[in-house]
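So the chains spell out like this:
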Amino acid sequence: MTDTAEHDDQVTDDAPGARLHERRPAAHRNARRVLSRFCFHRTLRERLAVLEEAADLHDLDELSDVYGDGIVEALESKVAGLLGTEAAAFFPTGTMAQQVALRCWAGRTGNATVALHALSHPEVHERNAFSEVGGLRPVRLTSEPRLPTAAEVRDFAEPFGALMLELPLRDAGYVLPAWEELTEVVEAARERDAVVHFDGARLWESTVHFGRPLEEIASLADSVYVSFYKSLEAFGGAALAGPTELVEEAKTWRHRYGGMVFQQFPTVLSALVGLERQLPRLPEYVAHARVVAAALRDGFAAAGMPWVRVHPEVPHTHDFQVWLPFEPDVLTETAARTAEETGVVLFGGSWDRGGPGLASTEVHVRAEALEWTAEDVKAAAAEFVARLPEQVR
């Protein structure tokens with residue numbers, strides 16, 4: 001066990017009224033070793049330092065943007081080039097971008113029904129925004145922890161104007177279909193005269209699994225949404241890419257939805273930095289995620305806990321799930337205590353119930369994880385198991 005440096009703000013079990021939701025982020029902040037440090041783990045000063053890197057990427061002596069011109073247009077052009085589309089539009093959020101995209105497609109197809117997965121982001125995380133705000137009607141193709149199949153698309157019992165595919169499907173374990181499966185699904189939608197929209201919030205890191213460049217992946221869809229903060233570590237923001245006519249209409253709806261922000265240069269500059277600095281590194285993160293996943297399985301088994309599930313077994317991206325046969329509160333407490341006592345964070349996220357006595361968490365592999373060897377991961381797994389309560393081991 002390795003001692004950590006003392007910090008005045010560290011919250012421990014001895015602190016009166018200490019709560020897990022306070023201890024967990026404190027332990028992560030104070031840790032000497034983590035698998036990832038997201039933007040929200042960093043101070044304002046650290047985040048503002050990102051903009052200093054932008055001097056090499058854009059002329060900072062030009063006038064700042066006003067309602068979407070200047071540097072915003074430069075980012076839009078860059079994204080369109082990366083994805084191989086005619087145009088792209090910057091949006092403050094992905095929720096807004098996708099509502100606008102599918103609303104535009106509904107007007108063009110004459111069908112407001114959107115076929116999607118039951119675990120897709122709009123169904124799980126957006127408070128029914130498609131129907132409540134956009135006038136769209138979502139229908140679920142499947143709830144299985146995988147992408148819809150061509151047969152499910154082809155044989156669905158009612159018409160739909162658009163097929164939305166989340167790539168990767170986050171809540172199923174950041175899973176992707178095989179390239180052949182994806183092309184077959186798209187073809188099945190075309191056979192039904194439906195347009196195809198990719199929820200590509202994390203599309204950037206899908207190239208390793210598909211073995212295809214971004215523009216070839218994006219070319220399968222009629223429109224694509226991408227996020228700038230989920231993997232690229234920008235301050236926020238998203239883009240909708242597709243045909244010029246669609247993108248121009250989307251910009252009109254962007255204004256109507258309140259997305260015509262006066263100035264956005266800090267977020268846009270951070271997105272340009274992300275595209276330059278983070279995007280080229282994503283394949284390296286994906287490759288190392290596979291090392292981490294295998295080492296986790298081996299480490300838990302060596303520590304006397306053979307039942308651990310890494311899903312997918314070989315991660316499709318640099319994020320994946322870990323399942324353990326314990327209650328979420330037991331695992332959350334153990335993760336927090338292990339981090340506090342060792343200064344090493346193996347599981348920094350929350351644990352969610354997956355059934356009686358079963359819980360899962362997400363593991364994120366970023367630049368910080370590249371310093372971990374497989375043996376480091378195994379050692380961290382052993383430390384975690386050693387702190388599980390005896391009665392549940």
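The text that follows walks through the structure, step by step, so that each part is easy to find. In this text, all values refer to a predicted model and were calculated from it rather than measured experimentally.

## Some points on a nonpolar patch on the surface
Here is step 1 of the chain: On the surface, Val66, Tyr67 and Phe262 cluster together into a nonpolar patch covering about 290 Å² of accessible area.
Here is step 2 of the chain: Within the secondary structure layout, Phe262 lies in the loop between α11 (244-256) and α12 (265-277).

## Quick word on the pattern of salt bridges
Here is step 1 of the chain: The tally for this structure, following the rule as stated, stands at 26 salt bridges.
Here is step 2 of the chain: In this structure, the salt-bridge partner of Arg170 is Glu362, at a minimum N-O distance of 2.7 Å. Taken together, the residues span a long stretch of sequence, with Arg170 in the loop between β5 (162-166) and α8 (179-191) and Glu362 in strand β13 (residues 358-364) at a distance of 192 residues.
Here is step 3 of the chain: Its relative accessible area of 18% is what places Glu362 among the buried residues.

## Overview of helix α3 (residues 71-83)
Here is step 1 of the chain: With 13 residues, α3 extends 19 Å between its outermost C-alpha atoms, agreeing within 8% with the 18 Å of an ideal straight helix rising 1.5 Å per residue.
Here is step 2 of the chain: The set of residues buried in α3 consists of Ile71, Val72, Leu75, Glu76, Val79, Ala80 and Leu83.
Here is step 3 of the chain: For α3, the secondary structure elements touched by its buried residues are β2 (87-91), α10 (214-218), β7 (223-227), β8 (238-242), α11 and α12.
Here is step 4 of the chain: Positive backbone phi, approximately 70°, marks Gly84, located one or two places after α3.

## Quick word on the pairing of β7
Here is step 1 of the chain: Counting buried residues along β7, five of its five residues qualify, which places the element largely inside the surrounding structure.
Here is step 2 of the chain: Residues Ser223, Tyr225 and Ser227 point to one face of β7 and Val224 and Val226 to the other, with burial holding for every one of them.
Here is step 3 of the chain: Across four bridges, strand β6 (residues 195-200) lies against β7 in parallel orientation. Among the inter-strand pairings, Gly200 is bridged to a residue of β7, identified as Val226.

## A short note on the environment of Glu313
Here is step 1 of the chain: Of note, Glu313 is situated in the loop between β9 (309-311) and β10 (319-324).
Here is step 2 of the chain: In sequence terms Glu313 and Ala293 are 20 residues apart; their C-alpha atoms lie 7.4 Å from each other.
Here is step 3 of the chain: Among residues more than four places away in sequence, those in contact with Glu313 are Ala293 and Arg297.

## Some points on the sheet that holds β8
Here is step 1 of the chain: Across the sheet, seven strands lie side by side as β2-β8-β7-β6-β5-β3-β4; this open sheet has mixed pairing. Looking at which strands have only one partner, the edges of the open sheet turn out to be β2 and β4 (137-140). Going from strand to strand, the sheet's axes swing by 20° on average, the running direction of each strand aside.
Here is step 2 of the chain: Bridge analysis of strand β3 (residues 113-116) against β4 gives four bridges, and the strand direction is parallel. Bridge pairing in β4 places Ala115 opposite Val139.
Here is step 3 of the chain: With respect to the sheet, α8 is in contact with β5 and β6, its orientation differing from that of β6 by roughly 140°.

The rules behind the values
Residues numbered from 1 in each chain as written. Predicted model: local features only at pLDDT ≥ 70, side-chain atom pairs only at ≥ 80, totals over all residues. Heavy atoms only, no water. Patch = residues over 30% accessible without salt bridge, like charges linked within 9 Å, V, L, I, M, F, W, Y side chains within 5 Å. Areas by Shrake-Rupley, 256 points an atom, 1.4 Å probe, with all protein chains shown as cover. Salt bridge = Lys/Arg side-chain N within 4 Å of Asp/Glu carboxyl O. Helix = DSSP H or I, 4+ residues; strand = E, 2+ residues; numbered from the N terminus. Buried < 20%, exposed > 50% of the residue type's maximum accessible area, 1.4 Å probe, protein only. Expected span 1.5 Å × (residues − 1). Contact = heavy atoms within 4.5 Å. Pairing = 2+ DSSP bridges. Axes fitted to C-alpha atoms, helices over the stretch in contact; angles between N-to-C directions.

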